[in-house]
Every structure is written in C-alpha cells, then in structure tokens.
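Next come the chains, spelled out residue by residue.
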Amino acid sequence: PTLTSQLGLPNGSGLVVVHVVPDSPAAGVLKLHDILLKLDECVEIALQNNLGLKLSEINDRSVDLELRRAYAKYLPTFTAGYTNSNGKSGGSHTNKGSFSTTITQNTPWGGSVSLSGNASESHPLGGASRSADVGVTVKQPLWKGAGTDVGLHDIRTAKINKLISRGNLELDVQALIFDVRQA
C-alpha cells in the first residue's frame, strides 16, 4: 500500500515533507518541503507540462492541415456574377441584365470539368429579349505524365506524414511515461 493509503488521506492528496530525521534512510532521499506524489500523478503532470510533447501535438495538428489542404484542390468551386447596364441613345432607352454561374471540379489526373450557365434579359424601347445558354467544358492536359499517380501525390504524401506524425506523438508519450517511471 502507498503512504497516502496507509495514512488514510483522500484521493488526490499529496504529502509535504516538514521534517527529515538526520542520519535516517529518508535523509539521503528527501529534503524539507518535498512533495510526495503517486507515480500516476507524476506521469499526468509530466504529460500536461512537457514542452517536447506539446510541440509534437502542434506538429500533429499541422499535418492535419496539410492533409486538408491536399484534399482542398479537389473540392468543387462555384462562381457567380451579375451585371446590369442602362443605356440611352437618341430617343431609345435600354436596360440589360445578365447573370452567369460556373461550377468547376478538378480531377486527380490534372484536368477539370466545368458546368456553366448564363441568362440575360434586355429591355430596349419597344420590346424585350431574353437569352440563356448552358455549357460544359472539359479540360485535360495532353502532355501531363503519370496520370493519377502525380495528381494524388499530395494526398498520399499527407496521409503518410499523418501516420508518421501520429506514430511520433505516441512514441513521445510512451518515452515520457518511461522516463518518469524510471526517475
């Protein structure tokens, strides 16, 4: 049993050394005002306060951002625009409005697919006209080598870096626990 349980102290309590008998076995180990903690408490304090471990945690979060950034180039993009113009020439007055949208999806092999639409309406003196069109555009570089292996390289690299970072973080935690238990 631990000293805390032998003395009947509640959980989470520690002991403060207020007197050490000279020439006793404790005199070689303890000093006045030392705080005695359980091993698990020492490990917890070390895990919370170790700067090297905090740096490893920050690195792990940074690798998460790297992975998100690698995926981000394959997220679709949306573009929209509206223009309106008014004109007067001689005795005629013209009002024209135009709306356009485009959705683009990049592909892992270096190309992209876009879907676009435009609509416009014009009101010249004496009538109105409307037009609309829809288009699909596919872009594929002709001389881009290696296909999806090159296109997905950033994602694969980020995933590997994440595994390495997670392993290093776990290794740092285990090494810190080992060092505290050996002290």
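A brief report on the enclosed structure follows. (Residues numbered from 1 in each chain as written. Predicted model: local features only at pLDDT ≥ 70, side-chain atom pairs only at ≥ 80, totals over all residues. Heavy atoms only, no water.)

Quick look at the overall build of the protein chain now. Broken down by element type, the protein chain carries 5 helices and 6 strands. Ordering the α and β elements of the protein chain from the N terminus gives α-β-β-α-α-β-β-β-β-α-α. Among the 183 residues that make up the protein chain, the fraction classed as buried is 17%. Of the contacts formed within the protein chain by residues at least 6 apart in sequence, a portion of 47% connects residues at least 24 apart. When the accessible surface of the protein chain is split by element, carbon and sulfur atoms take 60% of a total near 13300 Å². (Helix = DSSP H or I, 4+ residues; strand = E, 2+ residues; numbered from the N terminus. Buried < 20%, exposed > 50% of the residue type's maximum accessible area, 1.4 Å probe, protein only. Contact = heavy atoms within 4.5 Å. Areas by Shrake-Rupley, 256 points an atom, 1.4 Å probe, with all protein chains shown as cover.)

Moving on, we get to the side chain of Ser 112. Residue placement: Ser 112 occurs in strand 5 (residues 112-124). Judged by relative accessible area, which is 9%, Ser 112 ranks as buried. Residues within four places of Ser 112 in sequence aside, it is in contact with Thr 104, Gln 105, Asn 106, Thr 107, Thr 137, Val 138 and Lys 139.

Moving on: the pairing of strand 6 (residues 129-139). Little of strand 6 sits out of view: just 0 of its 11 residues are buried. Both strand 5 and strand 6 contribute to a ladder of 11 bridges, which runs antiparallel. Considered in strand 6, the bridge of Ser 120 is made with Ser 131. (Pairing = 2+ DSSP bridges.)

Below, the discussion takes up the pattern of salt bridges. Summed over the entire model, instances satisfying the criterion amount to 6 salt bridges. Salt bridges here are not isolated pairs; linked through shared partners, they connect Asp 60, Asp 64, Lys 162 and Arg 166. (Salt bridge = Lys/Arg side-chain N within 4 Å of Asp/Glu carboxyl O.)

Contact geometry for helix 3 (residues 51-72) and helix 5 (residues 153-182): axes closest at 9 Å, N-to-C directions at 165 degrees. By the criterion of interaxial angle, the relationship of helix 3 to helix 5 is roughly antiparallel. Considering the relative orientation of helix 3 and helix 5, their crossing is left-handed. Counted together, Leu 53, Ser 56, Glu 57, Asn 59, Asp 60, Val 63, Asp 64, Glu 66, Leu 67, Ala 70 and Tyr 71 of helix 3 and Asp 154, Ile 155, Ala 158, Lys 159, Asn 161, Lys 162, Ser 165, Arg 166, Leu 169, Asp 172, Val 173 and Leu 176 of helix 5 form the full contact between these two elements. Taken together, the residues that form the contact of helix 3 with helix 5 break down as 10 nonpolar, 4 polar and 9 charged. (Axes fitted to C-alpha atoms, helices over the stretch in contact; angles between N-to-C directions. Parallel < 35°, antiparallel > 145°, perpendicular 65-115°, else oblique. Left-handed = near helix turned anticlockwise from the far one by under 90°. Nonpolar A, V, L, I, M, F, W, Y, C, P; charged D, E, K, R; others polar.)

Here the focus is the sheet that holds strand 6. Within the open sheet, the 4 strands sit side by side as 3-4-5-6. Their pairing is antiparallel. The open sheet is flanked by strand 3 (77-89) and strand 6, the only strands paired with a single partner. The average undirected angle you get between the axes of adjacent strands in this sheet is 10 degrees. Direction of pairing for strand 3 relative to strand 4 (residues 92-106): antiparallel, over a ladder of 13 bridges.

Here we take up the nonpolar core. Looking at soluble globular proteins, one finds that nonpolar side chains tend to be buried together. By size, the foremost hydrophobic cluster in this structure holds 8 residues: Val 43, Ala 46, Leu 53, Leu 169, Val 173, Leu 176, Ile 177 and Val 180. Where this core is concerned, the elements lending two or more residues are helix 2 (39-49) and helix 5. Broken down by element, this core gets its largest block of residues, 5 residues, from helix 5. If you look at the next biggest cluster of nonpolar residues, it comprises 5 residues, including Leu 67, Ala 70, Tyr 74 and Ala 158. (Core = buried A, V, L, I, M, F, W, Y, C linked by side-chain atoms within 4.5 Å.)

For the rest of this paragraph, the subject is a nonpolar patch on the surface. Residues Phe 78, Ile 103, Val 113, Leu 115, Val 134, Val 136 and Val 138 make up a contiguous nonpolar surface patch of about 710 Å² in total accessible area. Of all the secondary-structure elements, those providing two or more residues to the nonpolar patch are strand 5 and strand 6. Per-element tally for the nonpolar patch: the top contributor is strand 6, with 3 residues. Tracing the backbone through its elements, the reader meets Phe 78 in strand 3. (Patch = residues over 30% accessible without salt bridge, like charges linked within 9 Å, V, L, I, M, F, W, Y side chains within 5 Å.)

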